[in-house]
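Coordinate analysis (summary)
For reference, the chains in residue letters:
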Amino acid sequence: MNDIGIPPLWFRLPPGFHDIAPSDRSALDAVADALGSPEAGQQLTQLMDHLDQLAEHHVVRTSIGLHPEGPAGLCTSLFALTVRRAADTNPRVTVARTSLAIARSALWTSSTRRFIELPSALPCSLVAGIISSPTSAQGLFQARVSMAHPAGRHVLVLDLTSTSVEHGDAYTDIIEAIAHTVSFSDPEPRPSGGPNTSRILELLL
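So, here is what we can say about the structure in this document.

Conventions adopted
Residues numbered from 1 in each chain as written. Predicted model: local features only at pLDDT ≥ 70, side-chain atom pairs only at ≥ 80, totals over all residues. Heavy atoms only, no water. Phe/Tyr/Trp six-rings, centres within 6.5 Å; stacked < 30°, edge-to-face > 60°. Helix = DSSP H or I, 4+ residues; strand = E, 2+ residues; numbered from the N terminus. Expected span 1.5 Å × (residues − 1). Polar contact = N/O pair within 3.5 Å; in protein donor to acceptor, adjacent residues only side chain to side chain. Buried < 20%, exposed > 50% of the residue type's maximum accessible area, 1.4 Å probe, protein only. Contact = heavy atoms within 4.5 Å. Core = buried A, V, L, I, M, F, W, Y, C linked by side-chain atoms within 4.5 Å. Arc of directions from axis to C-beta. Salt bridge = Lys/Arg side-chain N within 4 Å of Asp/Glu carboxyl O.

This model, assessed by the stated rule, comprises 2 aromatic pairs. Arranged with centres 5.5 Å apart and planes meeting at 50°, the rings of Phe11 and Phe79 form a pair that is tilted. Here the residue Phe11 occupies a position in the segment before strand E1 (17–19), and Phe79 occupies one in strand E3 (residues 73–85), the gap between them amounting to 68 residues. Centroid distance Phe141 to Tyr171: 6.3 Å. Interplanar angle 25°. Geometry classified as stacked.

Here we come to helix H3 (residues 91–103). Given 3.6 residues per helical turn, the α-helix brings residues three or four places apart onto the same face. Between its first and last C-alpha atoms H3 spans 18 Å; for 13 residues at 1.5 Å apiece the expected length is 18 Å, and the two agree. The backbone nitrogen of Arg92 lies 2.9 Å from a side-chain oxygen of the residue at the head of H3, namely Asn90.

With respect to the helices and strands, the residue Ser164 is situated in the loop between strand E7 (154–162) and helix H4 (168–181). Ser164 gets classed as buried once you look at its relative accessible area, which sits at 8%. When neighbours within four sequence positions are excluded, Ser164 is seen to be in contact with Cys75 and Tyr171.

So, about the side chain of Thr161. Locating Thr161 in the fold gives a position in strand E7. A polar atom in the side chain of Thr161 sits 3.0 Å from the side chain of Gln142. Discounting residues that sit within four places of it in the chain, Thr161 has contacts with Ser77, Leu78, Leu140, Phe141 and Gln142.

We now examine the environment of Pro123. Inspection of the secondary structure assignment puts Pro123 in the loop between strand E4 (108–115) and strand E5 (124–133). Classification of Pro123 by relative accessible area gives buried; the value is 11%. When the C-alpha atoms of Pro123 and Ala96 are compared, they prove to be 8.5 Å apart, with 27 residues separating the residues in sequence. For Pro123, the contacting residues outside a window of four places in its chain are Pro91, Arg92, Val95, Ser146, Met147 and Ala148.

A few words now on the nonpolar core. The nonpolar side chains of a soluble globular protein tend to be buried, and buried together. In this structure, Phe79, Val145, Leu158 and Ile175 are the most contacted members of the largest nonpolar core, which totals 26 residues. Of all the elements in the fold, those that place two or more residues in this core are E3, E5, strand E6 (136–148), E7 and H4. When sequence neighbours within four positions are dropped, the list of residues in contact with Phe79 reads Phe11, Leu13, Phe17, Arg61, Thr62, Ser63, Leu158, Asp159, Leu160, Ile175 and Ile178. Membership of the second largest hydrophobic core comes to 6 residues, among which are Ile102, Ala103, Trp108 and Val127.

Here we take up H4. For H4, which comprises 14 residues, the first-to-last C-alpha distance of 20 Å matches the rise-based estimate of 20 Å (1.5 Å per residue) to within 8%. Residues Gly168, Tyr171, Thr172, Ile175, Glu176, Ile178 and Ala179 constitute the buried set of H4. Each buried residue of H4 sits inside an arc of 155° when the element is viewed along its axis, so together they form one side. Along H4, exposed side chains directed more than 90 degrees from the buried face belong to Asp169 and Asp173.

One non-glycine residue, Ala121, lies in the positive phi region at around 70°. Residue placement: Ala121 occurs in the loop between E4 and E5.

In this structure the tally under the stated criterion is 3 salt bridges. A salt bridge links Arg61 to Asp19; the nearest nitrogen and oxygen atoms lie 3.0 Å apart. Taken together, the residues Arg61 in strand E2 (residues 59–69) and Asp19 in strand E1 connect sequence positions 42 residues apart. Among the residues examined, Arg61 registers a relative accessible area of 22% and is labelled partly exposed. On the basis of relative accessibility, which here comes to 23%, the residue Asp19 falls in the partly exposed class. The partner of Arg114 in a salt bridge is Glu176, with the nearest N and O atoms 2.8 Å apart. Here Arg114 is found in strand E4, whereas its partner Glu176 is found in helix H4, with 62 residues between them in sequence.

What follows is the structure, given as structure tokens:
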């Protein structure tokens, strides 16, 4: 990432996740039509409607998860990466304050909280559980991972949200696995000048 004010970082998403932006709405609508699932189409539409709002909260990357469930079902989820300026240069203090603020949210109806041990030894915490939804009587599952950039000037928050609350354990494993792939130096440097590809278009081909 080379946006002004955003530190360089890399991570890997598991199969089934596809980068999305507001400009991808037409391609995503085509995916929903191809799947032939009215429920999936409705969920995708709701997710896209909220994409514009995420940028106002320092969200710099969003991806949608599409995973089959049963013979004709589909589970959808939304991954988001938020990068904020850290109020403290001590990474442990930064992560502690961020995770405490997340855990204290009034939206949680139930949650679990724990630290994650990363190979880098950087401080990292997880808060996961059910949050209340203002638009539905059914809660949403959400898992949020907080970690500090090693330079000490930014805090990263990785979110995974889904209406499929019954798969909360699996989504918790996914977000933790993503956290383990976060790197602050390019793990696979590529020659410059190559064209970027759209993962949404790859899905349609």
